[in-house]
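# Structure assessment
So you can see what is in the structure, the chains are spelled out below.
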Amino acid sequence: MLVRLNHVYKIYGEGLESEVRALDDVSLTIDRGEFVAIVGQSGSGKSTMMNVLGCLDIPTRGDYFLDGTDVRDLTDKELSHIRNRQIGFIFQQYNLIPSLTVLENVELPLIYQGINGQRRRDMAMEALDRVGLAGRVKHRPVEMSGGQQQRVAIARAIAANPPIVMADEPTGALDSHTGQEVLDFLRRLNREGTTVILITHDNSIAASARRIVRLADGKIVEDREQEVDWL
Amino acid sequence: MAVKFGQALKMAFRSILGNKGRSFLTMLGIIIGIASVMTIVSTVNGMNQESMKQFEAMGTNKINVSASTYNGTDVFDDLYDYCSSLGSDLVLGVTPNATMWDINVVYGSKSSKSMQKNEENMWNSGGEPDPNTALPPTAYLGSDQYAICNNFSLARGRDISNIDIKNYNQVCVMGARAARNFFNYADPVGQTVQVNGYPFTVVGVYEAKDPDSLWSMDNIIVFPYTARRQLNPNITMSEFVVKASSGEATVEVISRLSGFLAGLTNNGQNGWGYAYSENQWQESQNEYLAMISLVLGGIAAISLLVGGIGIMNIMLVTVTERTREIGIRRAIGAERSAIVTQFLIEAAMLCGMGGIIGIGVGTLGTRLAGKLLMQIDIWPSLGITAAAFALSVALGILFGIYPAAKASRLQPVEALRAQ
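Predicted model only: the values in this text are computed from it and were never measured.

Turning to the overall build of chain A, a few remarks are in order. For chain A, the count of helices and strands is 7 helices and 10 strands. For chain A, the proportion of its 231 residues judged to be buried stands at 46%. Long-range contacts, defined here as pairs at least 24 residues apart, represent 70% of the contacts in chain A between residues at least 6 apart.

Right, dumping it as structure tokens:
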């Protein structure tokens, strides 16, 4: 199994009256090749879940094994390496760097891997080609529509061919049509073997996942698999 | 570090260009600081060199040495050996500089005595002295390096040689004025003069240094110092001249000679000795310039400090503004060190660019200061230019450390939340 959360807690202000349990005794396993939607209302702990799963944050208690490695034992540098090589992030607000061109944004994770020159360019161009934006590489993010920006972000997430892609409300800022395109793309990625973890509050979007994990008040309240028509 | 340096430079350059106006304003502090430091240091340096040049042109680099022992032994041989050991990089020559009084030089009808009369008559007659009056020559004891030490060059014949000194040869060399006084315009070389009754052969004549002056430094006769055996056996040679190779060497040689003389005369118990340059004013002028440059340099250094703090301030603002960018970079795998490097390079590059502009302004300032203050042409030296650039980059790194460290300590999750 690729991801295993074992009695994980994420507690803010522990011991205080105002203590918040963003994750409260969560155990979860995700296998390679799954398409999981983590669903919940705002405040349910799904963003914290994403941060923990994405190695952006460390659980207060409990173990998190990613591909067999206990994340709690890792240094900041090793966590950076995991984020760089194992995980591709897609955010609601695209999170592109405005001062860089489309191509440079997509090259960024490759730069941090130390890949240089033509090889880096080729890998970035291939990723942009897959999202259908190979013709606009010299543009700045602000010169593009929201849908296009999100496709750039997807290209950036997949440029280094990570085994996991995590998408945090990837359609939240898009109209339903472009949102559907993004979802279609995530499905295609999943068909090609990438593990996709989709975080959303929108049940209709979660409907396209093969497995739904529902969070409420930091606890898993539902974990079910469903038939989907797109496989 | 995974990120290549060249890549990091490119990113920093992009970021600086992305905000030209602010980048320039930030650089301004560094530009002013570097330009003023450079102008001050280069101008003072140029003035120093200029006065050194004047110093050398005046026939200086000449060190006077006074030394003698209480038992009357001669220190010249020791001094000569010591100066030879210093090498020609420092010392070009050394000679006694003993004036002999009561020397009567006779050639035909002309003699020191008769010239003495001329001088008395001239005083008694009053009025404007005739510049062609023949006055008695001054007699010196010298070594084979007398000419070098006193900036004479030969017009005719040869100089006193080492052999003349060793063999007690009865020879002499005349200054141009003395030669004219005794021989008119005939060639003195090979002629014999009677000096206190001994025959001495004139072997050479020096080029005139000061042809128009009545009391000219050209009115001299120089004898090998061993000639004192005949001419004045009781004279003590306690005055010497050492010729240093340059203005800088002069200072160095004076300090070395002082040590040597202290040893030679056994710290005053067996004798005394000291070395000094006629142009002590030169040193005090240099000290004065050094003090001015220290004070002005201090002020300029403060302006650099202010500039550096300005850089730090702006870099802190930049870090705050780009918190989200830092979060994104961290999320997609930038290590802390990559963030530190990014902001350090950005600060160093900002300062380096400011430094380059500052060097340009400083060069103009130096040239202007040279023209206005001393009417001389000064260019900043390569060393000063390189040091100014290195200083500006170093300032960038120094004042970039805190903002860069702050940037790298941001937690990815919180940084991503920033707007």
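Back to the text.
If you tally the helices and strands in chain B, you get 14 helices and 13 strands. Within chain B, the fraction of its 419 residues that count as buried is 40%. A separation of at least 24 residues holds for 82% of the contacts in chain B among residues at least 6 apart in sequence.

To continue, consider the nonpolar core. Formed by 118 residues in total, the largest nonpolar core has its most connected members in A:A155 and A:I197. Ranked by the residues each element gives to this core, the list is headed by helix α12 (residues 336-374) of chain B, at 13 residues. Sequence-distant contacts of A:I197, that is, excluding residues within four places in its chain, are made with A:I30, A:V36, A:I38, A:L53, A:I164 and A:M166. B:C83, B:C149, B:F200 and B:A227 belong to the second-largest nonpolar core, a separate cluster that totals 49 residues.

All names here are of chain B. Checked against the element boundaries, Y276 lands in strand β13 (residues 271-277). The class of Y276 is partly exposed, set by 13 C-beta atoms lying within 10 Å. Placed 214 residues apart in sequence, Y276 and K62 show a C-alpha to C-alpha distance of 8.8 Å. With residues up to four places along the chain from it excluded, the contact list for Y276 reads N64 and I254.

For the rest of this paragraph, the subject is the sheet that holds strand β10 (residues 219-225) of chain A. Residues and elements named next belong to chain A. Pairing is mixed in the open sheet, where 6 strands are placed in the order β6-β7-β8-β3-β9-β10. Each edge of the sheet is formed by a strand with only one pairing partner; in this case those strands are β6 (87-90) and β10. Each neighbouring strand pair of the sheet contributes to a mean axis angle of 15°, computed without reference to strand direction. Bridge count for strand β3 (residues 35-40) against strand β9 (residues 211-216) is 5 bridges, and the pairing is parallel. Residue pairing for β9: V36 is matched across the bridge by R211.

Below, the discussion takes up the confidence of the model for chain B. Residue and element names in this part refer to chain B. Looking at chain B as a whole, the pLDDT averages 86, with 94% of positions reaching at least 70. Mean pLDDT values over the elements of chain B span from 81, in β13, up to 94, in strand β8 (residues 171-174). Model confidence for the complex: the whole-complex pTM is 0.66, and ipTM, which rates the interface, is 0.92.

With that settled, consider the interface of chain A and chain B. Tallying the contact residues gives 21 residues for chain A and 18 residues for chain B. Breaking the side of chain A that touches chain B down by element, the ones donating at least two residues are α2 (76-85) and α3 (102-113) of chain A. Here the residues of the side of chain A that touches chain B sort into 7 nonpolar, 9 polar and 5 charged.

We now examine the packing of α3(A) against helix α4 (residues 117-130) of chain A. All names here are of chain A. At their nearest, the axes of α3 and α4 sit 9 Å apart, and the two run at 115° to each other. Judged by the sense of rotation from one axis to the other, the crossing of α3 with α4 is right-handed. Across the interface between the two elements, V102, L103, V106, E107 and L110 of α3 pack against R120, M123, A124, A127 and L128 of α4. When grouped by side-chain class, the residues that make up the contact of α3 with α4 number 8 nonpolar, no polar and 2 charged.

On to the environment of B:G142, then. All names here are of chain B. Counting through the fold element by element, G142 comes out in strand β6 (residues 138-142). G142 sits 81 residues away from F223 along the chain, and the two C-alpha atoms are 6.0 Å apart. Not counting chain neighbours up to four residues away, the residues in contact with G142 comprise T95, P96, I160, V222 and Y225.

What follows concerns the pairing of β3(A). Residues and elements named next belong to chain A. β3 sits mainly inside the fold: 6 of its 6 residues count as buried. Every second residue of β3 is oriented toward a common face, with F35, A37 and V39 on one face and V36, I38 and G40 on the other, all of them buried. As paired strands, β3 and strand β8 (residues 195-200) are joined by 5 bridges and run parallel to one another. In the sheet register, F35 faces β8, and the bridge partner there is V196.

Here we take up unusual backbone geometry. Positive phi is not limited to glycine here, since A:E169 has a value of about 45°. Checked against the element boundaries, A:E169 lands in the loop between β7 (164-168) and α6 (176-191). The exposure class of A:E169 is buried, given the 20 C-beta atoms found within 10 Å. Its identity as a non-glycine residue notwithstanding, B:Y168 has a phi of 55°, on the positive side. As for its position among the elements, B:Y168 is in the loop between α6 (162-166) and β8.

The next subject is the sheet that holds strand β1 (residues 3-12) of chain A. In space, the 4 strands of this open sheet follow the order β2-β1-β4-β5 (chain A), with antiparallel pairing throughout. Every interior strand has two partners, whereas the edge strands, β2 (20-30) and β5 (69-70) of chain A, have only one.

Moving on, we come to the pairing of β1(A). Residues and elements named next belong to chain A. Relative to strand β4 (residues 61-66), β1 is paired through 5 bridges, and the arrangement is antiparallel. Residue N6 lies in a different strand from β4, and its bridge partner there is D63. In the sheet, β1 pairs with β2 via 7 bridges, with the strands oriented antiparallel. Residue pairing in the sheet places I11 in a bridge with R21 of β2.

Residue and element names in this part refer to chain A. In this model, α4 (14 residues) spans 20 Å end to end at C-alpha, consistent with the 20 Å of a helix rising 1.5 Å per residue. Listed as buried for α4 are R120, M123, A124, A127 and L128. Considered in projection along α4, the buried side chains sweep an arc of 135° and stay on one side of the axis. Opposite the buried face of α4, by more than 90 degrees, sit the exposed residues Q118, R119 and D122. As for α4, its buried residues are in contact with α3 and α5 (146-158).

Cut-off values and rules
For every chain, the first residue of the written sequence is number 1, and numbering continues from 1 onward in sequence order. Whichever chain is written first is A, and whichever ligand is written first is 1; the rest continue in order. Side-chain atom pairs in this predicted model are given and counted only at pLDDT of 80 or more, local residue features only at pLDDT of at least 70, and totals for whole chains, interfaces and linings cover all residues. Helix and strand labels come from DSSP, where a helix needs a run of H or I of at least four residues and a strand needs a run of E of at least two; each type is numbered from the N terminus. Counting other C-beta atoms within 10 Å of a residue's own tells you its class, since 20 or more makes it buried, 12 or fewer makes it exposed, and anything in between is partly exposed; those C-beta atoms are placed from the backbone. Here, residues touch in the contact sense if the C-beta positions derived from the backbone fall within 7 Å of one another. Buried Ala, Val, Leu, Ile, Met, Phe, Trp, Tyr and Cys residues form a nonpolar core when they are connected through C-beta atoms within 7 Å. Two strands pair under a simple rule: DSSP has to find at least two bridges between them. Angles here are taken between N-to-C directions and fall from 0 to 180 degrees, while the axes themselves are lines fitted to C-alpha atoms, restricted in helices to the stretch in contact. The predictor's confidence in any single residue is recorded as pLDDT, a number from 0 to 100. Amino acids outside the nonpolar list (Ala, Val, Leu, Ile, Met, Phe, Trp, Tyr, Cys, Pro) and the charged list (Asp, Glu, Lys, Arg) are all regarded as polar, and Gly is one of them. Should the near helix be turned counterclockwise from the far one by less than a right angle, the crossing is left-handed, whereas a clockwise turn marks it as right-handed. What a helix should span is 1.5 Å times the count of its residues minus one. Directions drawn from the helix axis to the C-beta atoms are what define this arc.

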